[in-house]
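The primary structure of each chain is shown beneath.
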Amino acid sequence: GENVEQHPSTLSVQEGDSAVIKCTYSDSASNYFPWYKQELGKRPQLIIDIRSNVGEKKDQRIAVTLNKTAKHFSLHITETQPEDSAVYFCAASIKNTGNQFYFGTGTSLTVIP
Amino acid sequence: DVKVTQSSRYLVKRTGEKVFLECVQDMDHENMFWYRQDPGLGLRLIYFSYDVKMKEKGDIPEGYSVSREKKERFSLILESASTNQTSMYLCASTSLRISINQPQHFGDGTRLSIL
């Protein structure tokens, strides 16, 4: 099956700086890569996703890049704010497997005011 | 907006008890999932279901079973609870579109403590 690795496990940045979280996957058949944000005591919520036919996707201060050749994808948050502090999870999903996701182990991001 | 509701936010049970965790979604989704979330281990898949009365084992099914009698409801059962099953349990659902993967929608989670 698929194996997703996520780094770093913890990340602290100053407010206004950028944060980058990286994930690698093992199965070249993976074609969908969502990112989830989980604030303390709350449910994971989808913040951005990317499909394998696209190399980059942006949504305001958040962007995701995908390198299919190297089998890695990254989350970029620019101009970080204290409310960006949360745990972020990446995931990979293989086509035609009924939307089964393989999750990374999470990154705890702290934005220091 | 998709709503996935888990019956309890916090639950305390004793070793050896049979425990039921309930999950209901209101979007007519075909697929439903149960995860266990532990610090440093991320979300690990316990069981999932593609349809009523169908179930598939995930990565860590030992000690658990599931039931899906109705499309909107997916139950996780701890047959004989043990202390190593103390954890946060998350339910998720998604629509089944064979050609295009869809995001999963999560419930608020049940924090289960086994004493």
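Heads up: these notes are all about the structure in this document. Every value quoted in this text rests on a predicted model; they were computed, and no experiment measured them.

Procedures and definitions
- Residues numbered from 1 in each chain as written.
- Chains lettered and ligands numbered in written order.
- Predicted model: local features only at pLDDT ≥ 70, side-chain atom pairs only at ≥ 80, totals over all residues.
- Heavy atoms only, no water.
- Helix = DSSP H or I, 4+ residues; strand = E, 2+ residues; numbered from the N terminus.
- Rg over C-alpha atoms; globule rule 2.2 N^0.38 Å.
- Contact = heavy atoms within 4.5 Å.
- Lys, Arg positive; Asp, Glu negative; His and termini not counted.
- Charge placed at Lys NZ, Arg CZ, Asp CG, Glu CD.
- Disulfide = S-S within 2.5 Å.
- Buried < 20%, exposed > 50% of the residue type's maximum accessible area, 1.4 Å probe, protein only.
- Phe/Tyr/Trp six-rings, centres within 6.5 Å; stacked < 30°, edge-to-face > 60°.

**A word on the overall build of chain A**
In terms of helices and strands, chain A carries 0 helices and 11 strands. Along chain A, helices and strands appear, N-terminal first, in the series β-β-β-β-β-β-β-β-β-β-β. Scaling as 2.2 N^0.38, a compact globule of 113 residues should have a C-alpha radius of gyration of about 13 Å, and chain A matches this with 14 Å. Based on the C-alpha atoms only, the size of chain A along its principal axes is roughly 45 × 30 × 20 Å. Contacts in chain A between residues at least 24 apart in sequence constitute 53% of all its contacts with a sequence separation of at least 6. Averaging the coordinates of the 11 positive side-chain charges in chain A and doing the same for the 12 negative ones gives two points 7 Å apart.

**Notes on the state of the cysteines**
Residue and element names in this part refer to chain A. Applying the stated criterion across every chain, the model contains 2 disulfides over all chains. Between the sulfur atoms of Cys 23 and its disulfide partner Cys 90 the distance amounts to 2.0 Å. Measuring handedness by torsion sign, the sulfur bridge of Cys 23 and Cys 90 sits at about -100 degrees and is left-handed. Of this pair, Cys 23 sits in strand β3 (residues 19-25) while Cys 90 sits in strand β9 (residues 86-94); the two residues are 67 residues apart in sequence, bridging distant segments of the chain.

**A few points about unusual backbone geometry**
With omega at -5 degrees, the peptide bond leading from His 7 of chain A into Pro 8 of chain A counts as cis. Here Pro 8 of chain A shows up in the loop between β1 (4-7) and β2 (10-14). With a phi angle near 55 degrees, Lys 71 of chain A is a residue other than glycine that sits in the positive phi range. Structurally, the position occupied by Lys 71 of chain A is in the loop between β7 (62-67) and β8 (72-77). Under the relative-accessibility criterion, Lys 71 of chain A is labelled partly exposed at 26%. In this structure, Lys 53 of chain B is a non-glycine residue whose phi angle is positive, near 65 degrees. Of note, Lys 53 of chain B is situated in the loop between β5 (42-49) and β6 (56-57).

**So, the packing of aromatic side chains**
Here the structure, examined in full by the defined rule, presents 15 aromatic pairs over all chains. Seen in terms of ring centroids, Tyr 36 of chain A and Phe 103 of chain A are 6.0 Å apart; in terms of plane orientation they differ by 55 degrees. Their pairing is tilted. Of this pair, Tyr 36 of chain A sits in strand β4 (residues 30-38) while Phe 103 of chain A sits in strand β10 (residues 101-103), placing them 67 residues apart in sequence. For the pair formed by Tyr 36 of chain A and Phe 103 of chain A, the shared burial category is buried. Members of the aromatic cluster, connected to one another through ring pairs, are Tyr 32, Tyr 36, Phe 101 and Phe 103 of chain A together with Phe 33, Tyr 35, Phe 48, Tyr 50 and Phe 106 of chain B.

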